[in-house]
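Summary of structural features
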Amino acid sequence: MVIEIARFQVAPDQQKGFFDAFADVKAYVEKAEGYQSHVISQEIEDSSRISLMVKWRSYEDHVELFEPSEDHEIFINALMPFLQDEVEVFHFNTALASIGGEK
């Protein structure tokens, strides 16, 4: 399994529009091959930064199948008007992760 983290920079006056747009297009990610789950959250230290964490079955499902797809184009184009900067995207291999239990 792979976790993708996409970081968006969104001005405070654009955040409602961003979250509304995300709600409108999140189904394009959710129906993608290899999609497992996601969390979208605003950073505490800098509220203009919003991160989308998506759990994928594999790196290839995200990069080779979803990113070049028309569904990805629809998804990202809906969010673009609200962004102040380029989207930063990182991938993490959970096979190499140390995961603790919840208390």
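Scroll up for the structure.
Quick summary incoming for the structure in this document. Residue numbers restart at each chain and count upward from 1, following the sequence in its written direction. A pLDDT threshold of at least 70 governs which residues receive local features in this predicted model, and a stricter bar of 80 or more applies before side-chain atom pairs are shown or counted, although totals over entire chains, interfaces and linings include all residues. Side-chain measures here rest on the full set of heavy atoms in the structure, leaving out hydrogens and waters.

Regarding helix 2 (residues 59-66)
- Relative accessibility under 20% of the residue-type maximum defines a buried residue, over 50% an exposed one, and the middle range a partly exposed one, all with a 1.4 Å probe and only protein chains included. Comment: elements are numbered from the N terminus, with helices defined as DSSP H or I runs of at least four residues and strands as E runs of at least two. Of the positions making up helix 2, those classed as buried are Asp61, His62 and Phe66. The arc that holds every buried residue of helix 2, seen down its axis, measures 95 degrees, which confines them to one face.
- Packed against the buried residues of helix 2 are strand 1 (2-9), helix 1 (15-30), strand 3 (49-56), helix 3 (70-79) and strand 4 (88-93). By definition, the arc is the one covered by directions from the helix axis to the C-beta atoms. Should any heavy atoms of two residues lie within 4.5 Å, those residues are counted as being in contact.

Some details on helix 1
- For helix 1, which comprises 16 residues, the first-to-last C-alpha distance of 22 Å matches the rise-based estimate of 22 Å (1.5 Å per residue) to within 8%.
- The seven residues ending at a residue and the seven starting there each receive a fitted axis; the angle between those axes is the bend at that residue. By the largest-angle criterion, Asp24 marks the main kink of helix 1, which is about 45 degrees.
- All buried positions along helix 1 are accounted for by Gln15, Phe18, Ala21, Phe22, Val25 and Val29.
- Elements that come into contact with the buried residues of helix 1 comprise strand 1, strand 2 (35-42), strand 3, helix 2 and helix 3. In a helix, the anticipated span is given by 1.5 Å times the number of residues less one.

Here's the deal with the packing of aromatic side chains
- Only Phe, Tyr and Trp rings take part, Trp by its six-membered ring, and two of them pair if their centres are within 6.5 Å. Stacked means planes under 30 degrees apart, edge-to-face means over 60, and tilted covers everything else. Within the structure shown, the criterion is met by six aromatic pairs.
- Each ring, one from Phe18 and one from Phe19, has its centre 5.6 Å from the other, and the planes form 80 degrees; the classification is edge-to-face.
- Residue Phe18 is classed as buried on the basis of its relative accessible area, which comes to 0%.
- Taken together, Phe22, Tyr35, Trp56, Phe66 and Phe75 form an aromatic cluster joined through their ring pairs.

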